[in-house]
Amino acid sequence: MTTQDQVNPPPPEGESSISLPGIYVSLTDLPLDILSIMDKVRSPEAGAIVTFAGTTRNNFASKPVTSLTYTSYRPLALQTLSSIASSLLTKHALKGIAIVHRLGTVPIGEESILIAVSSAHRKAAWLAGEEALEECKEKVEVWKREEFEDGGVWRANRDGHQGAEVKEGNKGE
């Protein structure tokens, strides 16, 4: 093992990541850990760390949800996440930013996305954290299938959009 491998060990199986100075982005099939993402942005120069955890809720528009499944085109999604993080790092003079999105089936009550940002002062961290989430929802190549007792829909990546029903017999037609 080289010294570089010890500094930046390979990600766990089921995880793809990009790690740059002040930036960590990842797509993973594993459950998310808020403390580990906070550790990615800790800095002695930071007076604030703001985190966001997006969790799977049990309903959409009062209709019971049984599960969510996320999929992505990993190479492009990672590059988009990295671009968003890099832009926000500069724009808000952040000390660090980390964005981790879970793929595969995410059970009710578990996190599908974690965002952590650190800055010298809290206002920049608050603003950057919210902007990171909105940019991810708008741009990152991650798609969500929401399952109900009577079928499922692929959701738009924006809050409140109904999505389109996908019937099993209509694939590719």
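Treat the numbers as computed from the prediction; the structure is a model and nothing was measured.

So, the environment of Tyr-24
Move 1: Summarising the element assignment, Tyr-24 is placed in strand β2 (residues 23-28).
Move 2: Among the residues examined, Tyr-24 registers a relative accessible area of 11% and is labelled buried.
Move 3: Between the C-alpha atom of Tyr-24 and that of Leu-81, which follows or precedes it by 57 residues, the distance is 9.1 Å.
Move 4: Excluding anything up to four places from it in sequence, Tyr-24 contacts Glu-15, Ser-17, Ile-18, Ser-19, Lys-40, Ile-97, Ala-98, Ile-99 and Val-100.
Move 5: In this structure the side chain of Tyr-24 is engaged in a polar contact, spanning 2.5 Å, whose partner is the side chain of Glu-15.

Here we look at the confidence of the model for the protein
Move 1: Here the protein averages 87 in pLDDT, and 82% of its residues register 70 or above.
Move 2: Note on residues 1-7: pLDDT is under 50 here. Beyond four places in sequence and across chains, it has one contact.

Regarding the UniProt feature "binding site: substrate" (unreviewed entry) in the protein
Move 1: The UniProt entry lists His-121, Arg-122, Lys-137, Lys-144, Arg-145 and Glu-146 under the feature "binding site: substrate" (unreviewed entry), expressed in the numbering used here.
Move 2: Position of Arg-145 among the secondary structure elements: in strand β9 (residues 142-148).

Observations regarding the pairing of strand β10 (residues 151-155)
Move 1: In the sheet, β9 pairs with β10 via five bridges, with the strands oriented antiparallel. By the bridge assignment, Glu-146 is partnered in β10 with Val-153.
Move 2: The turn linking β9 back onto β10 is made up of two residues.

Description of the packing of aromatic side chains
Move 1: Using the criterion set out here, one finds zero aromatic pairs in the structure.
Move 2: Seen from the ring of Phe-148, Lys-63 lies directly overhead, with NZ or CZ sitting 4.5 Å from the centre.

With respect to the pattern of salt bridges
Where charged atoms of side chains with opposite charge meet at close range, the side chains can pair.
Move 1: Following the criterion strictly, the structure yields eight salt bridges and no others.
Move 2: Linking Lys-95 and Glu-45 is a salt bridge whose minimum nitrogen-to-oxygen distance equals 3.6 Å. Of this pair, Lys-95 sits in the loop between α3 (74-91) and β6 (96-102) while Glu-45 is found in the loop between α2 (34-41) and β3 (48-55), placing the two residues 50 residues apart along the sequence.
Move 3: Among the salt bridges present, the one from Lys-63 reaches Asp-150, with a minimum N-O distance of 3.3 Å. Taken together, the residues span a long stretch of sequence, with Lys-63 in strand β5 (residues 63-72) and Asp-150 in the loop between β9 and β10 at a distance of 87 residues.
Move 4: Taking relative accessible area as the criterion, Lys-63 reaches 34% and is therefore assigned partly exposed.

Conventions we followed
Residues numbered from 1 in each chain as written. Predicted model: local features only at pLDDT ≥ 70, side-chain atom pairs only at ≥ 80, totals over all residues. Heavy atoms only, no water. Helix = DSSP H or I, 4+ residues; strand = E, 2+ residues; numbered from the N terminus. Buried < 20%, exposed > 50% of the residue type's maximum accessible area, 1.4 Å probe, protein only. Contact = heavy atoms within 4.5 Å. Polar contact = N/O pair within 3.5 Å; in protein donor to acceptor, adjacent residues only side chain to side chain. pLDDT = per-residue confidence, 0-100. UniProt positions renumbered as here; feature names shortened; annotations may be inferred. Pairing = 2+ DSSP bridges. Phe/Tyr/Trp six-rings, centres within 6.5 Å; stacked < 30°, edge-to-face > 60°. Lys NZ or Arg CZ within 6 Å of the ring centre and 35° of its normal. Salt bridge = Lys/Arg side-chain N within 4 Å of Asp/Glu carboxyl O.

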